[in-house]
Structures are given as structure tokens and as C-alpha cells.
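What the coordinates show
Spelled out from the first residue to the last, the chains are:
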Amino acid sequence: MFLSSIKIKGYKVFNQEFTVTLNPGLNILVGENGSGKSAVIDAIRLVLLEDEYGRSGIDSTDFHRPIDQPAKSKGVDKINIRSEFEDLKDDEQVAYLPWLDLNTPTKAILNLSIENKEDARGKFKRKIWGNESESGLFEWELLSRIACIYLPPLRDAEDKLKAYKGSRLARLLKNLKKNENPDEIHPLEKKFAAFNKDLLRDDSIKSANKSIQENLVKSVGQIFGQDASIQFSEINFDRIVERLKLLFYPLPSNGAARDLNMFRELEENSLGFNNILYLATILAELEGLDSSKTSHKVLLIEEPEAHLHPQLQIRLLQFLNEKALEDNIQIIVTTHSPTLAASIDINTLKVLTVKKAGESPVYTSLSKCGFDSDTKNFLQRWLDITKSILLFAKGVLMVEGIAEALVIKELTPYILRKLAINNPGKNYLKDLEEYGISIINLNGIYFRHFMTLFQGYNKKADGSFEKTDYIPIRCAGLTDNDPDTGVKPTAQNPAAGKNHQLYMIQDLENNSQLCRLFSNLKTFEYDLALAGNNLIVMAEVQLALTTTNGPIKTQLQQYTQTNWAQKTPAEKADAAFWLLEHIDKGEFAQKLSQRLSESNTVFTIPDYIVNAVNWVID
Amino acid sequence: MLQNKKYKLLYKIKTCLNCSWEELKRFSDEQAEYINHYLKHSSYLKACPGSGKTEVIGIKSAYEIYKWESENSGIAVVTFTTSAAKELNNRIRKFGAVSSETFPHFIGTFDGWIHNYILQPFAHYLTGYAGKDGDKSIRLVDIESSAGFLSNYTCKDIFRDNRMKPIEVTEYHFDYTWKNITAESDMAKGIFKSGLSQAEIKFLRDKKGDFIKKGFATYSDIEMLCNQLLIRFPYLQKKLAQRFPVIIVDECQDLSNGQINLLELLRSCGTTLHFVGDLNQSIYEFREVNPKDISAYILQKRFVVRQLTNNYRSCQPIVDVTEKIIGTQEPVIGHENQICEQPCILWQYDDNTFTQLPQKFEDLLTANGLDKKKSVILSRGKTTVASLRTQKNEYGYTKSELFAIAFHNWYKSNRTTEDINNALFYFGKALCLLAYGGRGDSRNQYCPETSEHVEWRLLLKQILIDANAVYPYIENGQDLTWTKWVKKLKAFLEPQWELLPNKTYGWAQVVSKLMAPKKKGDLPVKEICTQSGIRNIFRTTTIHSVKGETLNAVLLISHHNKQSSGGHFSHWFKEGDFDEEHIRFAYVAMSRPKYVLVLATPQLKAAELTKLQNLGFFHQP
């Protein structure tokens, strides 16, 4: 079985019922800050009664309070958390019988409710029940068979690996002991008993012992006298293992035993490696659980990237993924790391999106966005670190190449200023960063694949559409019309495009709520050159890049002096065509964006770009 | 059983369970044989009274649980009363086989078992009940409940003699086929006896259906719902059988037909059943329990039958009398010492001497040096001994009487915990009936659904403290009559009504419902608290309530009238025909005592006296 969904209502940011769907194995929750990732993790901990970090005690602020209510207001009356487990095997169906959904017998239901009413001890009344009736017997054993371990963000791994009651090491060793014969004396205990005997033969111990015994008798006399003996204090297994701690050595074992003196205290280790040591201990603990008494294992990790450099992050995640498969552990991870998001099976990604402050976030499981295996493979390979930031964005502007990415970043302040002038009633921010919108360079015209995440439909082979889940943020794409290379289209005399993604413009308009594709006459630079007096600026930029004297330089100089407003569109088209024949796209874009960042530059933005920006910021 | 084999078994038990060799050695061959019974075959253990059956089940269950290997399925050990379930639980735990968590096994009442494993988790899949606040629990309604909301489900389509006869939905139940209807209240019994037309049955069925779809059920409906669930969802039937592959039923003589049917549904999916009990002690005919059906079932399904024929409770003369009246063929050996010369005694009473019976019984026990605490006075029905009883029971009080009895209990001069309990209970019940339409938790002073138990009790206490305005039931040195007192009570309650949170009915809606009890308007209120002047130190109760108990001495009193339904001694002693339930009642009563059994009858004719003497009673004039 595995935890397949969790429905949260009235808890923290969730006012309406919020459904989180999960898959077996690894799950990665991504999303901006405050989107509710940790609240999801905490809700799972609440319903599975995980309490190592003491959060099972609920606080009055955990009850959802609408943001239009004062901070000190009471909050909703009740928190409800409903969890569902799926794929129950035959024997699990028998054991979890009272929790089973009779309509889907491979599914079990577990509910928790907490009333917003404190009793005299300041505790909130909570109720837990299987299936859908609160009444009746609750078999706690069933819940305790679901192992759940939680690793908080920025955990103090060093502390957790120290020797203390309930330390991770102690738990690991106790779990391992359970698999052995319970009646036999554990070899560890035997060894300590022998050690204690030995201890008494030591001269200093002997004399100390004697002295204590004498004083004992002297102080209270023979009648009330007692006997005493010095011992090494820990003689039973549980106590012994609580005194154990972990040490480290910075190189892996090569098989031969390393001299014990070489191992160092954990405080000498780096934070990152300590974190990994900690995780390794926990995975060993989960691995060691008695399988007949454990029906499911859940490991919750918040921000595993903490203190780790990117390569280690990736390695760790891959390891977790392997572990999840191998030991049947359902691992649920929250992260802000594009590195992690980019390095894992895309089906494991779950995105939390805040649409509007104060409203429940929206949960999107990428596996439900309806992509075919072609798209899935594509995204898997192409969703690198720079592109995976789209998972954390409030809006996405997709472009075809580095030139567009560089230039449009500089163009957007122009666009926003112009929009502000044209729409005096509306409030516009300074640039896309302020909007939380990311420009994503697709390095090609792969809109079909990338937009699957946002478009909310799936076009089937027969041309019909079916609705799918989607990440509910605004998304716009800019793509070139790309007619034959020789043509010089103008607004009055456009040419048919050869870009085979153009069909999407209409598909998106008809079927998508938040996703649009915008196109131009020919190419990005060509269309820039056609707009307003842009040819002057662009010719100036190219002029600065031209080192040799000759007809090209002359032509460019002439362009910089032309008043393009008085020229016909065909003349402008000829000039734009010529200019683009003579530039190096990358270098040109670099210099153009630099020029655009200067405050005195006058530049006109083609409509399709304005429209795209206007779409994403809406 | 071979001695060798027996000791081998007992030794094995000693190594795994927490019990001494002394304890184990006491087990007879018959008992050891049963403990060794292989669970893969359904069985019936026929246990005579005092056979130590609970001890045997206790150790058998503990032993099987110890050997049990599956982590996901378990043994259900069920019985029929909470006290018996508690006793079973204690015995099994004593041997250390189960720790605090019983999982995966279940030890408890049959009702609790089906309630927790069938009814509550799954009933809504059958009824389609949408739930309240996300909770789809079935709410169980007491048959005695007079809650206001129930009137929605009252059938008003049945007429007799041109008069509408309203039948409440709690007064009858259907079996799982929805075809056979059974009356529960006297009122319904009367009407059903005259026959119901198909149309009338449909009216009743529709009302019951509405009631159940709204998430309610009476205790009698549970069996029907559970049977239906298992039939409708074969998956559930199969999985439940896997969850409980072994079911041990203690007191199997109390299995109703519906319950047998339910067990058979599981047996047909592989569960084995182990019945333990004594069909001769089956006294639940009113609950559709028929020992003939149980014995037919045992025979039909070829249960392995074993017997316990040693009575460790009673002395031989008592055993002989009891076995004679039930017509046992095989001899039963009584192992208890006979400490009185005459353990079976016959007394005759008349109208004058009846109330002296308790005193006479007390003297007899004193003379024989017997502990009076473990001795009781019994009769078949409540009415026979009503005049000997010193306390009244909860049912049958009107609302104003509930208030009066509550105040009386609260203000008693040397108030005991039980008095406080009673005061809160009756007062809570009265307020709940009036202000909340009876929708309250009867186990918690009728706490309404919207209140916390503790808050409710505190509120009751607060009002009770102020109730000295209407207590004692005297005014100007005169006893208050009901009419006058109810007037005072209303004046007292009106301002208190404001204190009741989330009430369903305001004072204006309630005030007319509070009146003097019928025909008692001019009688003094204080009569409700006066007790009879009889000295009776004994627990005085019905045969039903001492089922399964071991007592030192029993005084069994016959009703004075032969017309009584089963309460007259002549119903108890019949020759040739031992199938009547009356006889089983007498058998249960007379097999309780260890040392002394007294039968008190009205004045006997010579032939009757001889007959009883021949049975083994010693006549004491």
C-alpha cells in the first residue's frame, strides 16, 4: 500500500479542501515560499502521528484564519485531514478491513479531525478514525504499522546522532534487535556483564568500592546498612544503545578495518556531510523495520538540499530514488532547489501554486498534465536547471533562443512603461523579476512540449481535445513565423510561416485558459528592425561591432542617419533583411541588450512582444 | 484422553502461558480434551452449569492466541453481555497471551464485534447515508427512546377498529430479507398478532427504510443491516472471514437466528466456528433465540461435539434437582461440598407471609453460616417480587416524575455515589427529553450531541443545587400534590431554561408537556420517594440478570397466579416435554447456588407438594 492522497481542510493556508495526490516511491513538492509545502508535510505528520519534533501538539495558529480576519482571531472550527491509501495487497486488505472503501477495496481511508476548542490543559480535542464513520473501535496497531519519519529543514544532524534516549542510532539498533529471538540475552548485554565483572578486579575500583561500603555501614550502622557496588551503568540492551554515538572519517572504507582512533567527532565534519550521515542512519532504520509489522514506510524530508553543493544534491536525490524503489519507502520531499527539480523523473514532481494571496494554493501533479511519452522523454532531458525554475515562477515567458532571452529581458521595462502610459488606471511594476515571471530559453521551438505543463489539455491523435491538469500560472511563448529565407514580409504583405508549431496559436486560444503563443512576420530581429525607428539603434549597435572599413560600414552609417518613419514598409523590409544578413546573432544580441539597458535609448517594441508580456503579467 | 497426552499438553501450556502447574493440574480430562481441540474444525462444547467453561475458554483462547502466527488476521472471542465479555477479557489476559493491544484479535460482545467490524465502518455503503459533518456513523436509538424527532418515522397508516394505531419505528424490526417483521413493544405485539396486510407491512417497511437511510438504527436493526452488508458485498464477506478465520462464541445458547445467519455467511467463506454453552440455559426467546435452531445448525454443519459433564459449582443434591427438571439423560457430577443437611428447600407462602420471605431467607442463611452478599432472591418477572424490592427502575417515569426522583436523589441526607449518579441521570434525561427532543447520549446523563459531557454534568449540578426551591415536596407543613408541585416546578424551570445551550425547544414549546402524572394529580409527590417498609437485604432481581453467575444461595419465588406467563412453579416442572422456555428459566435459576436452593410457592395442593418432594425438595413448613 502507499499513501495516495491527502485532503486537508481548515489547516494553516488551506481553507477549502485541498487535495494532494501522491505516487508510490519518490515525490518532490516544489513551489514558491508560502505555497503550503511544509503545511502538506505537517498534515501528513499529523494524521500519521509522527511526533519526533513535537509538532503533533497542535497550536491555535494552525487553524486556518482567512487573511481578512485579524491575526488574533480564532480561526476555523475544525481541521480535517483525510488520507487515502491505495494498492492494498490481499493481506493488507484483511488487516485494514475497517478502513476499506467498499467501492474500491484496494483503497483504505484514515481520517483525523481536530476541534478548535481547548480543554483545561490547553489541548485541542482530536479524533482519528478509519473509513468514514467516527464511531466504533479504532485499531491503533494499524496506524502504528505505518512507519513515518520526518526530517525538518536545516536539521541539526549532529545533535540527532549524539548519544541520548531515543536517538536515531538507538532506534536503529532496537529495530534490528526486534528481529532476533526476544528471549535470548543479547550478546551486547553479555559483553557488558563480563566487562562489569572485570571492572571489579581493577585495583582502583576495588578500593573505591571498599571505601564506599565502609562509609555506608559507618553512617547508618549495621541494622540499616546496605550494600553497594560500582558498575558500568548500562547493562541492559536499551540503555546500552542509548549511549552509542556515531563518529566519522572523511574517506570511505576500503573494506579493511580502519583504526578506531582515526574516527572523529561529528562537530569536525561539514554540515552537509553530517546531514547525509543522518539520512543514511534513518534509511538504515527504515530498512531494518520488521516487514511483517510494517505495512508502509513514509519518509518526509524538507529541503534536503540544505548545506549541499549541486553535485551532491543530485547524487543524494538519485540515491533516495533508488532507496524508495528498493525498500518500498514512500519519500516525500519539499525543495526550493532547481537542481533537484531538474534532476529527477518529471512524474514525481508536484507543484504548489499560489494564485491569489489568501486563497488556497493549487496543487498540480505533473504526472497528470497529460503528456505523451514523447513529451515526457523530451522534458526529462531538456528540463535542466535553468529551465526548471519555471516550476517556481508566478508566470513564464518562453522564447526560442539566447538572443530573445537576452533582449527581451531588457525590452520588458520599455513595454511596462508604455503600458503604464497607455493604461493610466492600472498599476504596472518595473520589470518581470518583480512580477516573479521567468523568461525561459527553450533553445528551439519546443513549445509543444513545454507548454504541456501549463496548457491544460491534451490533443489526441484524432485531433480532439481532452482536459488535463495544469500548473495554473500564466504562460506566453514567442515564436518566429519563419517563412522562406528569401522573403521580406511586411504587415501589409505577410508571408506564410514554415514554423510547424504555429498551429498551437489557435489550439491554445480555443482550449487553454492561461497559456498563449505569439508570433511575428519573420524572425525576432527582423521584426524588431521593422518597428519604428529601431533600424537606427540596431545599425548603431552593429556599427560599433564593425571593425573594418568598407561598403558594410558605409551602409550601416547610412542606416543610422535615415529617418525610417518616412520610408515605405518595403524599403524598411529591404533594410532589415540586409542588416540581418550582416550580423552575428549572439554577439549582436549581447550588444543590443547592453544598449537597451542604457536609459536614453529610444526603441519601439513589436506588437507581438507587447501582447505576450501583457498576457503573462495580467 | 490419555493421561500421558494430557500432561504433555498441560506442560506445553505451562511453558508458554503465565499459569502455575497447580492451576493446570485441576483441568479435567474433558477440559483438557477441549483445550486440545484443533481449530480447523468447527465445534460445539456442551457445557453443563458450573462446568468451569469460562476458565476453559479463557485458557483455550489464550493458548490459541499464543500459537497464532498471522499478523493480519485473528481470533474473535465473543459473548453476549458486557460483564461476561469483561470476565473473558480478564481471564485471557491473566495468562499473558495478549498485551494491552488485543490486535489482531477481538475479545468482546457479539454486538460490539459486528458494530466495530461491520456496521460502523460500512453501513453507509449500504444505506447511502451522506453523513453529518463528514461523519457517516450510524446513530443508534434506544427502543425506549421517546425522542421527538422519531415522530417523523412513526407509521400512521395502520388502523384497527377505525382508529389509527401509530407505531413508532423503534417498536419493530425486519429480518435481513426485509420480509419478516417482528414486534418489540407490547403495543406493536398486540397489533401484529391480529395480522398485518401486505400494504401495512409495506408502510412499516418504508418508514424503517427512511429511518435507516437517515443514518439511524435501533439495536435490533443492527443484525439485519450487517447481514445485508455481507450479502450485498461478497467482498466484505470474504475479507471479514479472512480477518477472523476463527470465531469462538461463548454462551452460544444466546445466538439469535440473525446472528447464526451472519456467522454462517462467514463460515461459508472459510471461518471455523466454536460454540460453547448450554442450550438448556437459552432464555432469550423474545430476541428470536431458539435453542432448537441452534442445535439444528450444529447438527447440519457437522460440528464436532464435546462435553463438559462435571459441575464444580453446586453440591450434588442441587445438581440432581436441576438435571431432573431439564430431563438430562447423562449423569452430571456435582463437585461442591454439601454443607447444609438439606440444600433444596421448599417454602409455601400466602398473602400474609409473602413479605416475610426475605427475613426468613436471611435467618436460614445465618443458621447455616452462609455469606448473604452472594445470595439473591429471584423470580421470572419483575412483578412477582416488585413488592419486595426497595428501589424502582428507570423506565416508566413521566417527565415530571423524572424531575421529582432526581431531586429526591440529589437531596438525600446521606447521599451515596449511586444517589448522585441517579440524580444526574434522571435529571439529564428529563431535560434532554424536553429541550433536545431526546437526542442525547444515555450513557452520559443524556448529554445532548452539541455539548461536552463534563460541561453537561456541571450544568446539571448547577441547576440541581438551585432545586431546593422545589424540594422537599412539602409546603406549609403540608404534602404537596403533583398538580401543585408541577406548577412550582414550572416556575423554577422557566429561568433555568436560558442556561441550556443549543436547545431544540424553547420554554414556550416545552411548558405544556410538563404535567402531573396521569391520575395522580391529587396524590402527594413524596410517594415517589417512599420505600416499602420491608426489610430486604438481598439483591432481588429476575432470572435473566443472574445468568452465568455463581451464588451461595438462591430463593426462587413462584408467582402466586398460574396465569402468569411462565412465572408460576407449575410452568417449571413438566414431565416428558422439556422444550419449553419456562423450564429453561427455572433451570438457569436453580443451577446458580452452591449450597442452598429455596423454592417459595403459593399454597400447594397435596399432589403438587408430593411432586416437588419427589423432585428432591425438602418441605419446610
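**Overview of the overall build of chain A**
- Helix and strand counts for chain A come out as 24 helices and 18 strands.
- On C-alpha atoms alone, chain A measures out to a radius of gyration of 33 Å, which is more than a quarter above the 25 Å that the 2.2 N^0.38 rule sets for 618 residues.
- Seen along its three principal axes, the alpha-carbon backbone of chain A occupies a region of about 120 × 60 × 50 Å.
- Considering chain A as a whole, with its 618 residues, one finds that 41% of them fall into the buried category.
- Within chain A, contacts between residues separated by at least 24 positions form 72% of all contacts whose residues are at least 6 apart in sequence.

**A look at the overall build of chain B**
- In terms of regular secondary structure, chain B is built from 22 helices and 24 strands.
- Here the C-alpha radius of gyration of chain B, 27 Å, is about what a compact globule of 621 residues would show, namely 25 Å.
- In terms of its C-alpha atoms, chain B occupies a principal-axis envelope of roughly 80 × 65 × 50 Å.
- The buried share of chain B, taken over its 621 residues, is 43%.
- By sequence separation, contacts in chain B at least 24 residues apart represent 76% of the contacts at least 6 residues apart.

**A few points about the environment of glutamate 168 of chain B**
Residue and element names in this part refer to chain B.
- Relative to the assigned elements, glutamate 168 resides in the loop between strand S6 (163-164) and strand S7 (172-174).
- Look at glutamate 168 and you get buried, because 23 C-beta atoms sit within 10 Å.
- Placed 391 residues apart in sequence, glutamate 168 and histidine 559 show a C-alpha to C-alpha distance of 32 Å.
- Once you skip the residues sitting within four places of it in the chain, glutamate 168 turns out to touch Leu150 and Thr154.

**A short note on helix H16 (residues 417-435) of chain B**
Residue and element names in this part refer to chain B.
- If you check H16, its first and last C-alpha atoms are 26 Å apart, about what 19 residues at 1.5 Å a residue would give, namely 27 Å.
- Counting buried positions along H16 yields 14 of 19 residues, so the element is predominantly enclosed.
- Looking one or two places after H16, you find glycine 437, whose phi comes out positive at around 60°.

**Brief notes about the sheet that holds strand S14 (residues 437-441) of chain A**
All names here are of chain A.
- Taken in spatial order, the 4 strands of this open sheet run S14-S13-S17-S18, and their pairing is parallel. The open sheet has two edge strands with one neighbour each: S14 and strand S18 (515-519). Here the strands of the sheet are splayed against their neighbours by 20° on average, with no regard to which way each runs.
- Of the pairings in the sheet, the one linking strand S17 (residues 474-479) to S18 comprises 5 bridges and is parallel in character. Residue glycine 477 lies in a different strand from S18, and its bridge partner there is leucine 517.
- Each of strand S13 (395-399), S14 and S17 touches helix H14 (residues 402-422); the most contacted strand, S14, lies at about 155° to it.

**Notes on the confidence of the model for chain B**
- The predicted model of chain B averages 88 in pLDDT, with 96% of residues at 70 or higher.
- Across the predicted assembly, pTM comes out at 0.77 and ipTM at 0.74.

**Thoughts on the interface of chain B and chain A**
- With 26 residues of chain B at the contact, the number on the chain A side is 23 residues.
- If you list the elements that add at least two residues to the side of chain B that touches chain A, you get helix H6 (110-127) and helix H10 (234-243) of chain B.
- When residues in the side of chain B that touches chain A are grouped by element, the largest group, 8 residues, is from H6 of chain B.
- Partitioned by chemical class, the residues of the side of chain B that touches chain A number 10 nonpolar, 10 polar and 6 charged.

**Section: the pairing of strand S8 (residues 146-151) of chain A**
Residue and element names in this part refer to chain A.
- Among the 6 residues of S8, 5 are classified as buried, and the element is accordingly described as predominantly covered.
- Across 6 bridges, the pairing between S8 and strand S9 (residues 296-302) is parallel. Paired with isoleucine 149 across the bridge in S9 is leucine 299.

**Focus on unusual backbone geometry**
All names here are of chain B.
- Here the amide bond leading from phenylalanine 103 into proline 104 is cis, since omega sits at 5°, within 30 degrees of zero.
- Looking at the element boundaries, proline 104 is found in the loop between helix H5 (82-94) and strand S3 (106-109).
- In this model, tyrosine 471 is joined to proline 472 through a cis peptide bond whose omega is -5°.
- The phi angle at tyrosine 446 is positive, at roughly 55°, despite the residue not being glycine.
- Within the fold, tyrosine 446 resides in the loop between strand S17 (440-441) and strand S18 (447-448).
- Exposure remark for tyrosine 446: the 23 C-beta atoms within 10 Å place this residue in the buried category.
- In the Ramachandran plot, lysine 519 falls in the positive-phi region, its phi being about 60° despite a non-glycine side chain.
- With 8 C-beta atoms counted inside 10 Å, the residue lysine 519 sits in the exposed group.

**A word on the sheet that holds S9 of chain A**
All names here are of chain A.
- If you walk across this open sheet you meet the 6 strands as S8-S9-S10-S3-S11-S12, and the pairing is mixed. Because the sheet does not close on itself, it has two edges, and the strands there are S8 and strand S12 (362-365). Each strand of the sheet is rotated relative to its neighbour by a mean of 15°, with strand direction disregarded.
- Packing against the sheet, helix H1 (residues 37-47) makes contact with strand S3 (26-31), S8, S9, strand S10 (329-335) and strand S11 (349-353), and its axis sits at approximately 150° to S9.

**Points about the packing of H14 of chain A against helix H24 (residues 607-617) of chain A**
Residue and element names in this part refer to chain A.
- Two numbers describe how H14 lies on H24: the axes approach to 10 Å, and their chain directions differ by 80°. The angle between H14 and H24 places the two elements in the roughly perpendicular class. The segment H14 lies against H24, with Ile408, Leu411, Thr412, Ile415 and Leu419 engaging Ile609, Val610, Val613 and Asn614.
- Residues belonging to the contact of H14 with H24 are distributed by class as follows: 7 nonpolar, 2 polar and no charged.

**Looking at the environment of leucine 137 of chain A**
- For leucine 137 of chain A, the location among the structural elements is in the loop between strand S7 (124-130) and helix H3 (140-144).
- Put simply, leucine 137 of chain A and proline 98 of chain A are 39 residues apart on the chain and 9.0 Å apart in space, counted from C-alpha to C-alpha.

**A closer look at helix H1 (residues 3-16) of chain B**
Residue and element names in this part refer to chain B.
- Across its 14 residues, H1 extends 20 Å between first and last C-alpha, which sits within 8% of the 20 Å expected from 1.5 Å per residue.
- Residues Lys6, Leu10 and Ile13 constitute the buried set of H1. End-on view of H1: buried residues confined to an arc of 55°, all on one side of the axis. Relative to its buried face, H1 has exposed residues pointing more than 90 degrees away, namely Asn4, Lys8, Tyr11 and Thr15.
- Buried positions along H1 lie against helix H2 (21-25), helix H3 (29-35) and helix H4 (53-67).

**A look at the packing of H14 of chain A against helix H23 (residues 585-597) of chain A**
Residues and elements named next belong to chain A.
- Contact pair H14 / H23: the axes reach a minimum separation of 9 Å and the direction vectors enclose 5°. Judged on the interaxial angle alone, H23 and H14 are roughly parallel. Residue-level contacts link Ile402, Ala403, Leu406, Val407, Lys409, Glu410 and Leu411 of H14 to Lys585, Gly586, Ala589, Gln590, Leu592, Ser593, Leu596 and Ser597 of H23.
- Its residues placed into classes, the contact of H14 with H23 shows 8 nonpolar, 4 polar and 3 charged.

**Focus on the pairing of strand S16 (residues 375-379) of chain B**
Residues and elements named next belong to chain B.
- The element S16 is extensively covered by neighbouring structure, given that 5 of its 5 residues are classed as buried.
- Residues of S16 alternate between two faces, with Ser375, Ile377 and Ser379 on one and Val376 and Leu378 on the opposite face, all of them buried.
- Note that S16 and strand S22 (residues 551-557) share 4 bridges and pair parallel. Bridged to leucine 378 within S22 is leucine 556.

**Re the environment of isoleucine 212 of chain B**
Residue and element names in this part refer to chain B.
- Structurally, isoleucine 212 can be placed in helix H8 (residues 198-213).
- Spatially, the C-alpha atom of isoleucine 212 lies 9.4 Å from that of arginine 139, the residues being 73 residues apart in sequence.
- Among residues more than four places away in sequence, those in contact with isoleucine 212 are Thr127, Ala217 and Asp221.

Rules behind the numbers
- Residues numbered from 1 in each chain as written.
- Chains lettered and ligands numbered in written order.
- Predicted model: local features only at pLDDT ≥ 70, side-chain atom pairs only at ≥ 80, totals over all residues.
- Helix = DSSP H or I, 4+ residues; strand = E, 2+ residues; numbered from the N terminus.
- Rg over C-alpha atoms; globule rule 2.2 N^0.38 Å.
- Buried ≥ 20, exposed ≤ 12 C-beta atoms within 10 Å, placed from the backbone.
- Contact = placed C-beta atoms within 7 Å.
- Expected span 1.5 Å × (residues − 1).
- Pairing = 2+ DSSP bridges.
- Axes fitted to C-alpha atoms, helices over the stretch in contact; angles between N-to-C directions.
- pLDDT = per-residue confidence, 0-100.
- Nonpolar A, V, L, I, M, F, W, Y, C, P; charged D, E, K, R; others polar.
- Parallel < 35°, antiparallel > 145°, perpendicular 65-115°, else oblique.
- Arc of directions from axis to C-beta.

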